[in-house]
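# Structural characterization, general
As a plain string of letters, each chain reads:
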Amino acid sequence: MTQNAIDRKDKSTISMLIPFITSVIMYFSLIQHTERSSTSSTVLKCMPIFSLLFYVMLKDSKASRKANYHSRIFYGLVFSVLGDFLLNYELFEPGMGAFGVAQIFYIWAFGMKLNKLWIGTILYLTGFLAITLFFENLNTVIKICLPFYAILLLTMCWRSLARIDRSDVSTRSQIVCKIT
């Protein structure tokens, strides 16, 4: 692939992410002017995830392996938007449950190849230390759910970071999130 082709691919990816970038800017600019549990705050909160869903639908996923990856990311985003919706209406436990399901889809999408155990070790140790700092001040439901959710979140972070292989990156955008 020539440098010119790589630059075009990067520009194409960036142009498809414009709705996401715009919605994030709108969210941070306007959310403090909305009342929680209102339609406007719900729309603002869910717009960035909807724009990522749009991005995933625009990506070419003809190959079977890519199609599986894209569909798992898509369903993870669907459960993420559901989690945002539920949290905005102060339904904490169901919202965290939706986010937990989203993390499972992301972990499934990222796979378990390229173990890079050192990344997982650092993440799990840091997570364990963070939980022990706050654990005593949490209510009972959170004390039960937080360790499970933390494991899912840290595993998703580990699996996403383990996918980065600088020797296999053909575009700058793949450094941020390796699509293939």
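Residues numbered from 1 in each chain as written. Predicted model: local features only at pLDDT ≥ 70, side-chain atom pairs only at ≥ 80, totals over all residues. Heavy atoms only, no water.

- Under an unreviewed UniProt entry, the name given to the chain is lysoplasmalogenase, and the organism recorded is Anopheles gambiae.
- As stated in UniProt under Sequence similarities (unreviewed entry), the record for the chain gives "Belongs to the TMEM86 family."
- What the UniProt record of the chain gives under Subcellular location (unreviewed entry) is the line "Membrane". (UniProt positions renumbered as here; feature names shortened; annotations may be inferred.)

## With respect to the overall build of the chain
- For the chain, the count of helices and strands is eight helices and zero strands.
- Going residue by residue from the N terminus, the α and β elements of the chain occur as α-α-α-α-α-α-α-α.
- Taking all 180 residues of the chain together, the buried fraction comes to 34%.
- Long-range contacts, defined here as pairs at least 24 residues apart, represent 70% of the contacts in the chain between residues at least 6 apart.
- In the form shown here, the chain has an accessible surface area of approximately 11,300 Å², with 70% of it arising from carbon and sulfur atoms. (Helix = DSSP H or I, 4+ residues; strand = E, 2+ residues; numbered from the N terminus. Buried < 20%, exposed > 50% of the residue type's maximum accessible area, 1.4 Å probe, protein only. Contact = heavy atoms within 4.5 Å. Areas by Shrake-Rupley, 256 points an atom, 1.4 Å probe, with all protein chains shown as cover.)

## A word on the side chain of Thr155
- Relative to the helices and strands, Thr155 is located in helix H7 (residues 140-162).
- In contact with Thr155, other than residues within four places in its own chain, are Ile107 and Tyr124.

## What to know about the side chain of Ser51
- Along the chain, the position of Ser51 falls in helix H3 (residues 39-58).
- Overall, Ser51 belongs to the buried group, its relative accessible area being 9%.
- There is a polar contact of 3.3 Å between the side chain of Ser51 and the side chain of Ser23.
- Setting aside its immediate chain neighbours within four residues, Ser51 contacts Pro19, Phe20 and Ser23. (Polar contact = N/O pair within 3.5 Å; in protein donor to acceptor, adjacent residues only side chain to side chain.)

## A short note on the nonpolar core
- The biggest cluster of nonpolar side chains holds 16 residues, and the ones touching the most others in it are Val56, Tyr69, Ile73, Leu77, Tyr106, Phe110 and Met156.
- Contributing elements (two or more residues each) for this core: H3, helix H4 (64-88) and helix H5 (92-110).
- Core analysis: the next-biggest nonpolar cluster, separate from the first, contains five residues, Ile119, Leu123, Leu154 and Ala162 among them. (Core = buried A, V, L, I, M, F, W, Y, C linked by side-chain atoms within 4.5 Å.)

## Some details on H5
- In this model H5 runs 27 Å from its N-terminal to its C-terminal C-alpha over 19 residues, within 8% of the 27 Å that 1.5 Å per residue would give.
- Among all positions in H5, only Gly95, Ala98, Phe99, Gly100, Ala102, Gln103, Phe105, Tyr106, Ile107, Ala109 and Phe110 are buried. (Expected span 1.5 Å × (residues − 1).)

## Description of the packing of aromatic side chains
- What the rule picks out here adds up to eight aromatic pairs.
- Aromatic pair Tyr69 and Phe110: ring centres 6.3 Å apart, planes at 45 degrees, arrangement tilted. In this pair, Tyr69 sits in helix H4 while Phe110 sits in helix H5, placing the two residues 41 residues apart along the sequence.
- Relative accessible area serves as the criterion here: at 11%, Phe110 is assigned to the buried category.
- Members of the aromatic cluster, connected to one another through ring pairs, are Phe74, Tyr75, Phe79, Phe105 and Trp108.
- Just above the ring of Trp158 sits the side chain of Arg159; from NZ or CZ to the centre is 4.5 Å. (Phe/Tyr/Trp six-rings, centres within 6.5 Å; stacked < 30°, edge-to-face > 60°. Lys NZ or Arg CZ within 6 Å of the ring centre and 35° of its normal.)

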